[in-house]
Amino acid sequence: MTRIFSGVKPTGHLTLGNYLGAVRGWAEVDQHRADALFCVVDLHALTVEHDPARVRRLSRQAATLLLASGLDPERCTVFVQSHVDEHARLSYLLECVATDGEMRRMIQYKEKSALERARGGSVRLSLLTYPVLMAADILAYGADEVPVGEDQTQHVELTRDLAVRFNQRYGHTFTVPRATRPEVAARVMDLQDPTSKMGKSHESGAGIVYLLDEPDAVRKKVMRAVTDSGGEVVYDRGARPGVANLLEILAACEGGDPEELSGAYDSYGTLKKDTAEAVVEVLRPVRERHKELAADPAYVEEVLRAGAERARGMARPTVDAAYRAIGLLPPAAEGPAGGARG
Ligand code: AQP
């Protein structure tokens, strides 16, 4: 059976981009067709300046939102990355296979390190190495597929390279995974700056729809979306990024093709109004279910405990095999009490 792994990092409140680009597909399609694991990748949230209490809060909220979005713990494994030691164990081995040059070529590293420096901060070493941890997240489970938004494609490519390199050097150990992404809305753009990705860690929230936004806040953000000069509703990501973004969001929410949908509109105003209502309707059940689940934290905790236990059992044999393959001496098996020396 196909094995799937993917995750979200608790660096901010989950956005419409996370939902349309990844989470909705996990819930509606992936968990039904494969042996799937979905993870709150909290270790990744420590790669930039962070507030410990906030990371804890956001981790719980992200897990609750994954369940509210329809992930069913009877069908898939939902857990928190730091609850399973195998991720960090494997990450170090993969650091011994990756090169610093390849890490420095990662677009997210270039962008986020430049941002940190511009803010006058220092760049954590983990920001450079986190794609290796992400590779470990995926390879530990022998995942065949990694459903992600477009921004993560480069990291999955790196994962493939590391798997192939490790297998060639030390013998076949890892499945080589591939990225999959949704046909529309694989890269939802910021409503105020449609040339940059809608990102949960961006400072201004005006262009970002959060999953837990009230309907009126959603309407306000979509109605104020930056559009392009011209006034004609055409689907052209290069020349008309603002309108193209709205058409993609509408198409993702209602089904359909952004280009075909453009023919149905002759003004930005009606396009915005319909997009706002479509988003409100898509998010309504998620908000409602989140409210119920947030009132029952013990249930969420139990899901995460059981998920981590199952995940540990899946990852351990692969990670142990990697330790042996790379040349590390296995610990001696524990003898009976009293030992052989008697
Ligand atoms: N805007 C987006 N459009 C489509 N898919 C997206 N994803 C993220 N943003 C969009 C996909 O959601 C999954 C989880 O994302 P993540 O938690 O790994 O990263 P992030 O939301 O991009 O959060 P960051 O990195 O903390 O902040 P920003 O956004 O500032 O870079 C992934 O599959 C991702 O592709």
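Definitions and limits used
Residues numbered from 1 in each chain as written. Predicted model: local features only at pLDDT ≥ 70, side-chain atom pairs only at ≥ 80, totals over all residues. Heavy atoms only, no water. Helix = DSSP H or I, 4+ residues; strand = E, 2+ residues; numbered from the N terminus. Rg over C-alpha atoms; globule rule 2.2 N^0.38 Å. Buried < 20%, exposed > 50% of the residue type's maximum accessible area, 1.4 Å probe, protein only. Contact = heavy atoms within 4.5 Å. Areas by Shrake-Rupley, 256 points an atom, 1.4 Å probe, with all protein chains shown as cover. Disulfide = S-S within 2.5 Å. Near = heavy atom within 4 Å. Polar contact = N/O pair within 3.5 Å; in protein donor to acceptor, adjacent residues only side chain to side chain. Phe/Tyr/Trp six-rings, centres within 6.5 Å; stacked < 30°, edge-to-face > 60°. Lys NZ or Arg CZ within 6 Å of the ring centre and 35° of its normal. Salt bridge = Lys/Arg side-chain N within 4 Å of Asp/Glu carboxyl O. Pairing = 2+ DSSP bridges. Right-handed = clockwise from strand over helix to strand, strands pointing away. Domains from an automatic or database assignment. Buried area = accessible area lost by both parts, 1.4 Å probe.

(A) Structural context of the overall build of the protein chain. Along the protein chain, the regular secondary structure elements total 12 helices and 5 strands. For a compact globule of 342 residues, the expected C-alpha radius of gyration is about 20 Å, and the protein chain comes in at 22 Å, within 12% of that figure. Across the 342 residues in the protein chain, those meeting the buried criterion constitute 51%. Residue pairs at least 24 apart in sequence account for 77% of intrachain contacts in the protein chain once pairs closer than 6 positions are excluded. Put simply, the protein chain shows about 16,200 Å² of open surface, and 49% of that area lies on carbon and sulfur atoms.

(B) Spatial organisation of the state of the cysteines. In total, this model carries 0 disulfides according to the counting rule given. Lacking any disulfide linkage, Cys39 is separated from the closest cysteine sulfur, that of Cys76, by 12 Å.

(C) Looking closely at the site of the ligand. Around the ligand lies a shell of 23 residues, among which Thr11, Asp151, Lys197, Lys200 and Ser201 are the nearest. Within the side chain of Lys112, an N or O atom sits 2.5 Å from an oxygen atom of the ligand. In the complex, the protein chains occlude 96% of the 650 Å² of accessible area that the ligand would expose alone. For the shell around the ligand, the secondary-structure elements that each account for two or more residues are β1 (3-8) and α1 (16-33). The biggest single contributor to the shell around the ligand is α1, with 4 residues.

(D) Structural context of the packing of aromatic side chains. Taken as a whole and judged by the stated rule, the model has 5 aromatic pairs. Connected via pairs of aromatic rings, a cluster forms that spans Phe5, Phe79 and Tyr141. Across the ring face of Tyr323, the terminal group of Arg89 is positioned such that the distance to the ring centre comes to 4.4 Å.

(E) Representation of the environment of Val243. Structurally, Val243 is set in helix α9 (residues 241-254). Val243 gets classed as buried once you look at its relative accessible area, which sits at 0%. Taking the C-alpha atoms as reference points, Val243 and Leu271, separated by 28 residues in sequence, lie 8.6 Å from one another. Excluding residues within four positions of it along the chain, Val243 makes contact with Thr227, Asp228, Val233, Val234, Tyr268 and Leu271.

(F) The arrangement of the side chain of Gln108 in detail. Note on placement: Gln108 falls in helix α5 (residues 107-118). In this view, Gln108 contacts Lys9, Ser113, Tyr130, Asp151, Gln152, His155 and Lys197; residues no more than four positions away in its chain are not counted.

(G) Here's a closer look at the pattern of salt bridges. On inspection of all chains with the given rule, the structure shows 21 salt bridges. Arg89 serves as the salt-bridge partner of Glu86, at 2.9 Å between the closest nitrogen and oxygen. Of the two residues, Glu86 and Arg89 both sit in helix α3 (residues 86-95), 3 residues apart, roughly one turn of that helix. Residue classification places Glu86 among the buried positions, given a relative accessible area of 1%.

(H) How the structure looks around the pairing of β1. By the criterion of burial, β1 is predominantly enclosed, with 5 of the 6 residues buried. In terms of strand pairing, β1 meets strand β2 (residues 35-40) through 6 bridges, oriented parallel. Looking at β2, one finds that Ile4 is bridged to Ala36. The parallel pair β1 and β2, bridged by α1, forms a crossover whose chirality is right-handed.

(I) Main features of the side chain of Asp190. Within the fold, Asp190 resides in the loop between β5 (178-180) and α8 (215-223). A polar atom in the side chain of Asp190 sits 3.2 Å from the backbone nitrogen of Asp193. Beyond its immediate chain neighbours, meaning those up to four positions away, Asp190 contacts Ser196, Lys197, Met198, His202, Gly207, Ile208 and Asn245.

(J) Seen up close, the domain arrangement of the protein chain. Here the domain parsing of the protein chain yields domain 1 (3-186 + 297-334) and domain 2 (215-293). Just the C-alpha atoms count here: the centres of domain 1 and domain 2 sit 30 Å apart. Contact residues are listed per partner, giving 16 residues for domain 1 and 14 residues for domain 2. A buried area of about 1,200 Å², summed over both sides, lies between domain 1 and domain 2, and 73% of it is on carbon and sulfur atoms. The largest per-residue losses of area from domain 1 upon contact with domain 2 belong to Leu16, Ala68 and Val184, which jointly make up 37% of the total buried on that side. Remark: the boundary between domain 1 and domain 2 carries 0 salt bridges. Taken together, the connections running from domain 1 to domain 2 amount to 2 residue pairs in polar contact (both at pLDDT 80 or more). In terms of residues, the side of domain 1 that touches domain 2 owes the most to one element, helix α2 (residues 52-68), which gives 5 residues.

(K) View of the pairing of β2. Judged by how many residues are buried, β2 sits mostly within the fold: 5 of 6 residues are covered. One ladder, built from 4 bridges, connects β2 with strand β3 (residues 77-80); its direction is parallel. Following the sheet pairing, Phe38 is matched in β3 by Val78. Read from β2 through α2 to β3, the crossover connection turns out right-handed.

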